[in-house]
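What follows is the residue order along each chain.
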Amino acid sequence: LNGYAFSDAQAYLALQGLVLGTPQREDSPTIEKDRVTKTDPPAGTTVSPGATITLFQSSGYVYLPNLVGLDQAAALAKLGELKLNSTVVSEPSDKTLNQVIRQDRSEGEVTQGSSITLTIAAALPPVTIPTVVGEPETQATNDITKLGLTVTSKCDATMPPPPPPVTPGSATRTDPPAGSSVPP
């Protein structure tokens, strides 16, 4: 009776001398709302006349899981299993490349065939090392860390004293050099 309209399944049971039990609802990605998804006892089971048969009807919904943290391929495969439509947008992020960082619908029941938008992590754009020579160390460190980079300060004793206007405690160079493009 799977896929039958509820009224047709009910009529079939009556013709077979079977009793309709309390109908149950369940989510199904493939069977239209209000159509029969299964019976209890299951199809193919031998029953006596007058036996009670429970019909399960499609609720018209599917349960959307939280897909955040999955890679794009796994998330799209799950949406495909649920027969949900998908749109993918990418957004620069420090998360793992191609990882789902957001979905536009919360975990829970959604209507069959709904569209779900997934936001996928893309690489952050490169940043350019600023010129910080001559800046006090704290200012140079701030200028670089606000770009998402990590600073390791080193006292370079092999360097000759910096020419004016660079004073001790000020930045003398960067590695990579100023003007270089690097990932954050």
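For the structure itself, look to the data block above.
Residues numbered from 1 in each chain as written. Predicted model: local features only at pLDDT ≥ 70, side-chain atom pairs only at ≥ 80, totals over all residues. Heavy atoms only, no water.

A. A look at the nonpolar core. Counting residues in hydrophobic clusters, the biggest one holds 12 residues: V62, L64, L67, A75, L79, L82, L84, V100, V110, I116, L118 and I120. If one sorts the elements of this core by residue count, strand 9 (residues 115–122) sits on top with 3 residues. With sequence-adjacent residues up to four places away left out, L64 is seen in contact with L79, L82, L84, Q103, R105, S106, E107, G108, V110 and I116. (Core = buried A, V, L, I, M, F, W, Y, C linked by side-chain atoms within 4.5 Å. Buried < 20%, exposed > 50% of the residue type's maximum accessible area, 1.4 Å probe, protein only. Helix = DSSP H or I, 4+ residues; strand = E, 2+ residues; numbered from the N terminus. Contact = heavy atoms within 4.5 Å.)

B. Quick peek at the environment of E137. By the secondary structure assignment, E137 is in helix 3 (residues 137–145). In this structure the C-alpha to C-alpha distance between E137 and P177, which are 40 residues apart in sequence, comes to 16 Å. Discounting chain neighbours no more than four positions away, the residues touching E137 are S153, G169 and S170. Only 2.6 Å separates the side chain of E137 from the side chain of S153, close enough to count as a polar contact. (Polar contact = N/O pair within 3.5 Å; in protein donor to acceptor, adjacent residues only side chain to side chain.)

C. Quick look at the pattern of salt bridges. In total, this model carries 6 salt bridges according to the counting rule given. Across the pair K78 and E81 runs a salt bridge, and its minimum N-O distance is 3.5 Å. Placement of both K78 and E81 in helix 2 (residues 72–81) is noted, with a separation of 3 residues, approximately one turn of the helix. The class of K78 is partly exposed, set by a relative accessible area of 30%. Between E91 and R102 there is a salt bridge, and its shortest N-O distance comes to 2.5 Å. Remark: R102 occurs in strand 7 (residues 100–103) and E91 occurs in strand 6 (residues 85–92); sequence separation between them is 11 residues. (Salt bridge = Lys/Arg side-chain N within 4 Å of Asp/Glu carboxyl O.)

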